[in-house]
Amino acid sequence: MSNRISLTRYLVEKQRLDDHIPGQLRLLLEVVARACKTISHAVNKGALGGVLGSAGSENVQGEVQKKLDIIANEVLIEANEWGGHLAAMASEEMNNIYLIPNRYPRGEYLLLIDPLDGSSNIDVNVSIGTIFSVLRMPEGDRGVEENDFLQPGKCQVAAGYCVYGPQTTLVLTVGDGVAMFTLDREMGSFVLTQDAVQIPADTREFAINMSNMRHWDAPVKRYIDECLAGKDGPRAKDFNMRWVASMVADVHRIMTRGGIFMYPWDKREPNKPGKLRLMYEANPMAWLIEQAGGAATNGRERIMDVQPTQLHERVSVILGSRNEVDRVTQYHLEAG
Ligand code: AHM
Ligand code: MG
């Protein structure tokens, strides 16, 4: 007998306990987790599975697609389209929304995914991940449109990511805290390894791509300069820096031990609000971080309050330990 709690048992008990997870949503989460297991296997095979390298195509954002970007996207579509829990999907790797084919029943939910985040790390054997966000399809007896997806992050009903690192870990929220599940490769199941995850309000660790420093806006530069000044500076403590260049891995570190992650707007592309995508990168991460006691803003506004106007919209991201995020946000507000 084992008292290990599998993802299935966790979801069933949650559904029974407080109706936080209706049946279709439970199915959706199980299906996404199963797809993540398949992606994890492909990632682990690496060169042996012929999955490394570029696919020779570009996605809607003009980025070169890696083979694994496309494989992960297909795995998630194939796993999800027939179950009757989805009305439509949207993905970083697809220009338009993906409608559930007519031969399958239509469900109540909309799924948004970044199938393989941190693509630049695939070929060099560094952690990557899958990010997902779930919205409810607005009521109405009609076809699904892109507009149905344009809901602020506060409307999410579930969000999570799976990090493919030394371990494969699934991190999930349905709005009552954050739970972490580790993949047991022998058993093939996700096992609950931490519940009610909380991140400390203070930190001595920041994550930002320092090579962009000369392009930053003044409030970001002020914050980082103060961190770099260390013990003798205004913060009176030394800071450490980490940057994996996989948002999933950088956020997972913060989930585990606190810290602040920033991919702020910068002057390289003045007309773009930031690099990361609002709907399938920033929103799910923002909700997870808030559910773990942290904060997430775009420098001026809570990320989950931002009203999206486009599916692939970008946003400035500052998230992690609450007091640090509040400080950076305050610096932005002071700068006007
Ligand atoms: P991707 O979804 O195409 O992989 O891009 C997003 C990634 C994030 O995971 C990461 O935080 C960021 O891009 C790294 O950017 P940079 O290479 O500019 O440091
Ligand atoms: Mg990404």
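What you see is a predicted model, and the numbers here were worked out from it, not measured in a lab. (Residues numbered from 1 in each chain as written. Chains lettered and ligands numbered in written order. Predicted model: local features only at pLDDT ≥ 70, side-chain atom pairs only at ≥ 80, totals over all residues.)

**Looking at the pairing of strand 5 (residues 109-117)**
Alright, step 1. Counting buried positions along strand 5 yields nine of nine residues, so the element is predominantly enclosed.
Alright, step 2. Pairing geometry for strand 3 (residues 86-91) and strand 5, over five bridges, is parallel. From the neighbouring strand, Ala88 faces strand 5, where its bridge partner is Leu110.
Alright, step 3. Relative to strand 6 (residues 128-136), strand 5 runs antiparallel, the two sharing seven bridges. If you follow Leu111 over to strand 6, its bridge partner there is Val134. (Buried ≥ 20, exposed ≤ 12 C-beta atoms within 10 Å, placed from the backbone. Helix = DSSP H or I, 4+ residues; strand = E, 2+ residues; numbered from the N terminus. Pairing = 2+ DSSP bridges.)

**Overview of the UniProt feature "domain: Fructose-1-6-bisphosphatase class 1 C-terminal" (unreviewed entry) in the protein chain**
Alright, step 1. Annotation from UniProt places "domain: Fructose-1-6-bisphosphatase class 1 C-terminal" (unreviewed entry) at residues 199-332.
Alright, step 2. Secondary structure content for residues 199-332 is 35% helix and 15% strand, while the C-alpha to C-alpha distance between its ends is 23 Å. (UniProt positions renumbered as here; feature names shortened; annotations may be inferred.)

**Looking at the site of ligand 1**
Alright, step 1. Every one of the 13 residues lining ligand 1 counts as a neighbour, but Gly118, Ser119, Asn209, Ala245 and Met247 are closest to it.
Alright, step 2. Contributing elements (two or more residues each) for the shell around ligand 1: strand 5 and helix 5 (247-257).
Alright, step 3. Among the residues making up the shell around ligand 1, the classes are represented as three nonpolar, five polar and five charged. (Near = placed C-beta within 6 Å. Nonpolar A, V, L, I, M, F, W, Y, C, P; charged D, E, K, R; others polar.)

**Section: the nonpolar core**
Alright, step 1. Core analysis: the largest hydrophobic core is formed by 98 residues, its most contacted members being Tyr109, Leu111, Leu112, Met285, Ala286, Val317 and Leu319.
Alright, step 2. Setting aside its immediate chain neighbours within four residues, Tyr109 contacts Gln24, Leu25, Leu28, His85, Leu86, Ala87, Val134, Leu135, Arg136 and Met137. (Core = buried A, V, L, I, M, F, W, Y, C linked by C-beta atoms within 7 Å. Contact = placed C-beta atoms within 7 Å.)

**Brief notes about the sheet that holds strand 8 (residues 168-173)**
Alright, step 1. Taken in spatial order, the eight strands of this open sheet run 4-3-5-6-7-8-9-10, and their pairing is mixed. Here the strands that pair on one side only, and so sit at the sheet edges, are strand 4 (98-99) and strand 10 (189-194).
Alright, step 2. Of the strand pairs in this sheet, strand 3 and strand 4 are connected by two bridges, and their pairing is antiparallel. Pairing of Ala88 across the sheet is with Leu99, part of strand 4.
Alright, step 3. Together, strand 3, strand 4, strand 5 and strand 6 form the strand contacts of helix 3 (residues 67-80), whose direction differs from that of strand 5 by roughly 155°. (Axes fitted to C-alpha atoms, helices over the stretch in contact; angles between N-to-C directions.)

**Some points on the packing of helix 4 (residues 218-228) against helix 7 (residues 322-335)**
Alright, step 1. At a minimum axis separation of 8 Å, helix 4 and helix 7 run at an interaxial angle of 140°. Taken together, the axes of helix 4 and helix 7 lie oblique to each other. The element helix 4 and its partner helix 7 pack so that their crossing is right-handed. Facing helix 4, whose interface residues are Ala218, Pro219, Arg222 and Tyr223, helix 7 presents Arg327, Val328, Tyr331, His332 and Ala335.
Alright, step 2. Looking at the contact of helix 4 with helix 7, its residues break down into six nonpolar, one polar and two charged. (Parallel < 35°, antiparallel > 145°, perpendicular 65-115°, else oblique. Left-handed = near helix turned anticlockwise from the far one by under 90°.)

**Quick look at the UniProt feature "binding site: substrate" (unreviewed entry) in the protein chain**
Alright, step 1. In this numbering, the UniProt entry assigns the feature "binding site: substrate" (unreviewed entry) to Asp117, Gly118, Ser119, Ser120, Asn209 and Lys275.
Alright, step 2. Within the secondary structure, Gly118 sits in the loop between strand 5 and strand 6.
Alright, step 3. Note on Gly118: 21 C-beta atoms within 10 Å, which makes it buried.
Alright, step 4. Once residues within four sequence positions are removed from consideration, Gly118 is found in contact with Ser127, Ile128, Gly129, Ala245, Ser246, Met247, Val248 and Ala249.
Alright, step 5. With respect to the helices, strands and loops of the structure, Lys275 is situated in the loop between strand 13 (260-263) and strand 14 (276-277).

**Some thoughts on the sheet that holds strand 11 (residues 205-207)**
Alright, step 1. With mixed pairing, the five strands of this open sheet are ordered in space as 12-11-13-17-15. Here the strands that pair on one side only, and so sit at the sheet edges, are strand 12 (240-241) and strand 15 (295-297).
Alright, step 2. Bridge count for strand 13 against strand 17 (residues 317-320) is four bridges, and the pairing is antiparallel. When the bridges of strand 17 are listed, Met262 appears paired with Ile318.
Alright, step 3. Contacts from helix 6 (residues 278-291) reach strand 15 and strand 17 within the one sheet, and its direction differs from that of strand 15 by about 150°.

**A few points about the pairing of strand 6**
Alright, step 1. Of all nine residues making up strand 6, eight are buried, and the element is well covered by its neighbours.
Alright, step 2. Pairing of strand 6 with strand 7 (residues 158-164), which is carried by seven bridges, proceeds in the antiparallel orientation. By the bridge assignment for strand 7, Gly129 is matched with Val163.

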